[in-house]
2 protein chains.
Amino acid sequence: MRRLPPDHYIAGIRAGDRLVLSRAITLVESQLESDQALAVAVLEQVLPQTGRSVRVGITGVPGVGKSTFIEAFGKHLTDSGKKVAVLAIDPTSQRSHGSILGDKTRMETLSMDPRAYIRPTPSGGSLGGVANKTRETMLLCEAAGFEVILIETVGVGQSETLVHGMVDFFLLLMLAGAGDELQGMKRGIMELADAIAITKADGDNAAAAERARLDYQNALHLFPPASTSWTPPVLTCSALQNQGITDLWQIITDHQTQLTQNGHRDRNRQQQNLDWLHSTIRQQLETRFYNQPGLRERLTDVEEAVRKGAVLPLQGARRLLNFAPQSPEGQAAGAGF
Amino acid sequence: MRRLPPDHYIAGIRAGDRLVLSRAITLVESQLESDQALAVAVLEQVLPQTGRSVRVGITGVPGVGKSTFIEAFGKHLTDSGKKVAVLAIDPTSQRSHGSILGDKTRMETLSMDPRAYIRPTPSGGSLGGVANKTRETMLLCEAAGFEVILIETVGVGQSETLVHGMVDFFLLLMLAGAGDELQGMKRGIMELADAIAITKADGDNAAAAERARLDYQNALHLFPPASTSWTPPVLTCSALQNQGITDLWQIITDHQTQLTQNGHRDRNRQQQNLDWLHSTIRQQLETRFYNQPGLRERLTDVEEAVRKGAVLPLQGARRLLNFAPQSPEGQAAGAGF
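Residues numbered from 1 in each chain as written. Chains lettered and ligands numbered in written order. Predicted model: local features only at pLDDT ≥ 70, side-chain atom pairs only at ≥ 80, totals over all residues. Heavy atoms only, no water.

### Quick notes on the overall build of chain A
Argument step 1. Regarding its fold elements, chain A presents 13 helices and seven strands.
Argument step 2. Residue burial in chain A is summarised as follows: out of 337 residues, 57% are buried. (Helix = DSSP H or I, 4+ residues; strand = E, 2+ residues; numbered from the N terminus. Buried < 20%, exposed > 50% of the residue type's maximum accessible area, 1.4 Å probe, protein only.)

In C-alpha cells:
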C-alpha cells in the first residue's frame, strides 16, 4: 500500500479518520524499517493527544465467552455515546491482518457500530514486539479520539501479564465451577485482577454463577491487597440477558475516580512507561545478540548441555557471549528499528 | 583472604569440609574477576556431584516467623540425620557477610548443629546477580553433601519469584487473619505456592490459624491448577509446640515422589537451567549496556521525559541505544565475568 506523508497521517488521526488510523496502525505493525521510522514520526507528533482514554484489559480462558462479552460491553458503551476501540494481543497468532473492520465472524454487531473500532491482532514477531505494537496502536486510537480502549488477550497463558502492564483496569472473566476450565490459565493472574466477572450467568447456569461469585469474593479477601487500596469486586454477568454489563462499567468508573484521586492512576501509567522503555532496551539488546550470524546454531548446543546439567548456565552464557563479540556493524544490522 | 588452588577447593568440597565450602562460597560472592574465574573453575568440576538435594524455597512477609520456622524445621531434619543448608536471597541487603556460622542472632540452635550449614545472604549487586550467587552457592552445598537446601527470601516483594525459579518446592508461610499483614506480599505469589503453612498456630492463636487454614484451603481450590497436577495443601504449624513440622516434611517428600514419578521434577529443573542461562545472558547484555560511560546521566533525562509522557518509550530507547554504540572494548570492560 502506498504510504502517505507524515502530516497526512497526523492530521487524519487527529480528525478521527478511521481509514487513516488503520493505515497508521499498519505502519506500526509493519516489519519494514522505513515504515517503522514513519510510524515513530507519526506517534511522536500525536503523543500530546494520547493518554485520555480508559484502558481496560480483558482476559479469560478460551470458552469463557470473551468475544460475546466484549460485544455486549462495547455496545453498552457506544450506546451511551462513547467511542470504543477493541484491540487484541495474540503472541501466537500467525494469521495475516487485512480487514479494517476486523475479524467479522466475531463481534458482528460491534464491528458495524460507527462508534466502535475493532482491530484484529497483529501477528508474528516476538512476545515483546507484539506487545509494543499493541501499545502503539493504543496510542494512535487515543489520538483518534477513542475514549475507551479494550485490550483483549488471545491465546493462553502468555499475554495476560503483558496486557496487565499496559492498562488502567484489568478484568478477569471466569466461568462458574472452578476446575478443569482453569487449566491453561496462568498461575498468578487471579491476584492481578481489578475485578472478576463470572460470565454466562443465565438460565440453568445462574445459580452456579452466583455460588462462584461468592466463592471468589471470599477467596479474594485472602489475597494480598493491591497497593492502590482498591478491593477487586466479583460480579456475575450475562451477555445474553445484558445483565451485569452496566454494573461493570460503573465499577471501572469508580476505580478510575478513586485511583485518579489518590494519584495511583498517574503513578501506574508513569511506571508502565518506564517499564516499556526498559523492556524495549532489553528486547533490542537481545534481538541484536541472538540475531548474530551463527549464534543460533551454537545456542542449540549450549542449551542442550545446560538442560542436561553438563554445563553450568553461567559458563554456557559466557561461551555464547564470548563466541560472538558484538561489533557495531553487527548491532546496527540487527537493530530492527 | 588467601586463595587456594582450584583442586584444593574441589577436594575439600567433595569431602564435605565446611571451611573450604565457605571459602568457595566467598569466591562465588566476590566481585573480583579473578575470584569469579576461580569460582567457575571449581563449579564446573563439582557439577557432577550437584543436583541431588531437595531444594525448598521458603517465603513469607516479615513477622510471619520465618527464622523461627526454619530453625524448627531444620532441626527436625538434622535430628532425622539429614544434612541441611540454609541460604537466603536478599536483594536489598547492604550488610557485609563475614561470619561463617551465619547471622548468630537468628537460628541459634541450628547454627550450632554439626549437620546444618547456615550462610548469610550475599549482599549488593543486581537482583539477578544476587540470584545467581545463591544458585551457585546451592550447587556448592549440594556438592558438599547437603541433602536439603532451604532458600529463604529476605526482604519484601522482590525475591519471591527468583526463589521460586530455583527450587523444587515453594513454601509460603502465612499468618492467621488475612489483611494488613499481607501488605507487602507480592501479588501473584499465593498461586505459586506448593504448600501454605499457617504459622504460630498455638495458644490463643490456634483457633484463628485453623480457620485461616480452611479459608486458604477453599481459596486454593479456585486457583488455576498447577501443570504438575499437584494440589497445594494448607496446614497449620507451630514452631513453639513443634507441631506441623513433621507433616510438612512428609508433604514435601510426597511432592518429590509424585513429581519425580511423573517426570515434572526433572523437566522443571531443566527448564530452570535454561531460564538461568537466558537470564544470565540478559543480565550481561544489560550490564554492558547500562555501564557504558556517560549512559547513566543520559538515562536519567530520558527516563524523566518518558515518565512524563513527553517522549515515546520506543523513541527514548532508540536514543539511548544510538547514543552509545557498544564497542567490543566497552563490552569487555563491563562484562563482569
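### Looking at the nonpolar core
Argument step 1. Grouped together as the largest cluster of nonpolar side chains are 120 residues, with contacts concentrated most on A:Leu140 and B:Leu140.
Argument step 2. Apart from the residues within four sequence positions on either side, A:Leu140 is in contact with A:Ile13, A:Leu21, A:Ala24, A:Ile25, A:Val28, A:Val42, A:Leu43 and A:Val46. (Core = buried A, V, L, I, M, F, W, Y, C linked by side-chain atoms within 4.5 Å. Contact = heavy atoms within 4.5 Å.)

### Here's the deal with the interface of chain A and chain B
Interface size is commonly expressed as the accessible surface area that is lost when the partners come together.
Argument step 1. Contact with chain A, which involves 69 residues of that partner, is made by 69 residues of chain B.
Argument step 2. Contact with chain B buries surface across chain A, with A:Arg187, A:Leu222 and A:Leu314 losing the most and accounting together for 12% of the total.
Argument step 3. Across the chain A-chain B interface, the total number found is two salt bridges.
Argument step 4. Across the contact surface, chain A and chain B share 14 residue pairs in polar contact (both at pLDDT 80 or more).
Argument step 5. Breaking the side of chain A that touches chain B down by element, the ones donating at least two residues are α3 (33-46), α6 (127-143), α8 (206-221), α10 (264-290), α11 (295-307), α12 (313-323) and α13 (328-334) of chain A.
Argument step 6. When its residues are assigned to classes, the side of chain A that touches chain B shows 40 nonpolar, 16 polar and 13 charged. (Buried area = accessible area lost by both parts, 1.4 Å probe. Salt bridge = Lys/Arg side-chain N within 4 Å of Asp/Glu carboxyl O. Polar contact = N/O pair within 3.5 Å; in protein donor to acceptor, adjacent residues only side chain to side chain. Nonpolar A, V, L, I, M, F, W, Y, C, P; charged D, E, K, R; others polar.)

### Observations concerning the packing of aromatic side chains
Argument step 1. Evaluated as defined, the whole model comprises nine aromatic pairs over all chains.
Argument step 2. Centre to centre, the rings of A:Tyr117 and A:Phe146 are 5.8 Å apart; their planes meet at 40°, and the pair counts as tilted. Of this pair, A:Tyr117 sits in strand β3 (residues 116-118) while A:Phe146 sits in the loop between α6 and β4 (148-153); the two residues are 29 residues apart in sequence, bridging distant segments of the chain. Pair check on accessibility: A:Tyr117 and A:Phe146 agree, each one buried.
Argument step 3. Seen from their ring centres, B:Phe289 and B:Tyr290 are 5.1 Å apart, and the 80° between their planes marks the pair as edge-to-face. Both residues of the pair, B:Phe289 and B:Tyr290, belong to the buried class. (Phe/Tyr/Trp six-rings, centres within 6.5 Å; stacked < 30°, edge-to-face > 60°.)

### Some thoughts on the relation of the copies chain A and chain B
Argument step 1. For these two chains of identical sequence, chain A goes onto chain B by a turn of 180° and a shift of 0.1 Å along the axis, with RMSD 0.1 Å. Such values leave the two copies arranged in the relation of a two-fold axis. By C-alpha distance to the rotation axis, the residue of chain A lying nearest is A:Gly188, at 1.9 Å. (Least-squares fit on C-alpha atoms with pLDDT ≥ 70 in both.)

### Remarks on the sheet that holds strand β7 (residues 234-236) of chain A
Residue and element names in this part refer to chain A.
Argument step 1. Reading across the sheet, the seven strands line up as β3-β2-β4-β1-β5-β6-β7 and stay open at both edges, with parallel pairing between neighbours. Two strands close off the open sheet at either side, each with one partner strand: β3 and β7. Between one strand axis and the next, the sheet turns by 25° as a mean value, whatever way the strands run.
Argument step 2. Pairing between strand β6 (residues 195-198) and β7: three bridges, direction parallel. If you follow Ile196 over to β7, its bridge partner there is Val234. (Pairing = 2+ DSSP bridges. Axes fitted to C-alpha atoms, helices over the stretch in contact; angles between N-to-C directions.)

### A short note on helix α1 (residues 6-14) of chain B
Residue and element names in this part refer to chain B.
Argument step 1. Within α1, the full set of buried residues consists of Tyr9, Ile10, Gly12 and Ile13.
Argument step 2. For α1, the secondary structure elements touched by its buried residues are α2 (18-29), α3 (33-46) and α6 (127-143).
Argument step 3. Immediately beyond the C-terminal end of α1, within one or two residues, lies Gly16, with a positive phi of roughly 75°.

### Thoughts on the pattern of salt bridges
Argument step 1. Tallying each qualifying case throughout the model produces 20 salt bridges over all chains.
Argument step 2. Salt-bridge contacts for B:Asp113 lead to B:Lys75; the nearest nitrogen and oxygen are separated by 3.0 Å. In this pair, B:Asp113 sits in the loop between α5 (108-112) and β3 (116-118) while B:Lys75 sits in helix α4 (residues 66-79), placing the two residues 38 residues apart along the sequence.
Argument step 3. On the accessibility criterion, B:Asp113 (8% relative accessible area) is buried.
Argument step 4. Taken together, the shared-partner salt bridges connect A:Lys75, A:Asp79 and A:Asp113 into one network.

### Examining the environment of B:Lys83
Residues and elements named next belong to chain B.
Argument step 1. Here Lys83 shows up in the loop between α4 and β2 (84-89).
Argument step 2. Taking C-alpha positions, Lys83 is 8.7 Å from Ile149, a pair spaced 66 residues apart along the chain.
Argument step 3. Those residues in contact with Lys83 that sit more than four places away from it in its chain are Arg115, Ala144, Gly145, Phe146, Glu147 and Val148.
Argument step 4. Polar contacts involving the side chain of Lys83 include one to the main-chain carbonyl oxygen of Ala144, which spans 3.2 Å.

### Some words on the side chain of A:Thr59
All names here are of chain A.
Argument step 1. Checked against the element boundaries, Thr59 lands in strand β1 (residues 54-59).
Argument step 2. Looking at Thr59, its side chain comes within polar contact range of the side chain of Thr153, at 2.8 Å.
Argument step 3. Non-local contacts of Thr59, meaning those with residues more than four positions away in its chain, are made with Lys66, Thr153, Glu160, Phe170, Leu171, Leu172, Leu173 and Ile189.

### A closer look at the pairing of strand β5 (residues 169-174) of chain A
All names here are of chain A.
Argument step 1. Among the six residues in β5, six count as buried, and that is most of the element.
Argument step 2. Side chains Phe169, Leu171 and Leu173 of β5 all project onto a buried face; the interleaved residues Phe170, Leu172 and Met174 project onto the opposite face, where all are buried too.
Argument step 3. Bridging between β1 and β5 involves four bridges; their strand directions are parallel. Counted as the bridge partner of Gly57 is Phe170 from β5.
Argument step 4. In the sheet, β5 pairs with β6 via four bridges, with the strands oriented parallel. Residue pairing across strands places Leu172 opposite Ile196, the latter belonging to β6.

### A short note on the pairing of strand β6 (residues 195-198) of chain B
When a strand is regular, its side chains alternate between the sheet's two faces.
Argument step 1. Burial of the side chains of β6(B) extends over both faces: B:Ala195 and B:Ala197 are buried on one face and B:Ile196 and B:Ile198 on the other.
Argument step 2. As for the winding sense of the linkage, the β-α-β connection from β6(B) through helix α8 (residues 206-221) of chain B to strand β7 (residues 234-236) of chain B is right-handed. (Right-handed = clockwise from strand over helix to strand, strands pointing away.)

### Points about α6(B)
In an α-helix, one full turn covers 3.6 residues, which means residues spaced three or four apart are oriented alike.
All names here are of chain B.
Argument step 1. For α6, which comprises 17 residues, the first-to-last C-alpha distance of 25 Å matches the rise-based estimate of 24 Å (1.5 Å per residue) to within 8%.
Argument step 2. Most of α6 is tucked away, with 15 of its 17 residues classed as buried.
Argument step 3. Of the residues trailing α6, Gly145 is marked for its positive phi of about 95°. (Expected span 1.5 Å × (residues − 1).)

### Points about the packing of helix α1 (residues 6-14) of chain A against helix α2 (residues 18-29) of chain A
Residue and element names in this part refer to chain A.
Argument step 1. Put simply, α1 and α2 touch, their axes get as near as 8 Å, and they point 130° apart. What the angle tells us is that α1 and α2 run oblique. The element α1 and its partner α2 pack so that their crossing is left-handed. Across the interface between the two elements, His8, Tyr9, Gly12 and Ile13 of α1 pack against Val20, Leu21, Arg23, Ala24 and Leu27 of α2. (Parallel < 35°, antiparallel > 145°, perpendicular 65-115°, else oblique. Left-handed = near helix turned anticlockwise from the far one by under 90°.)

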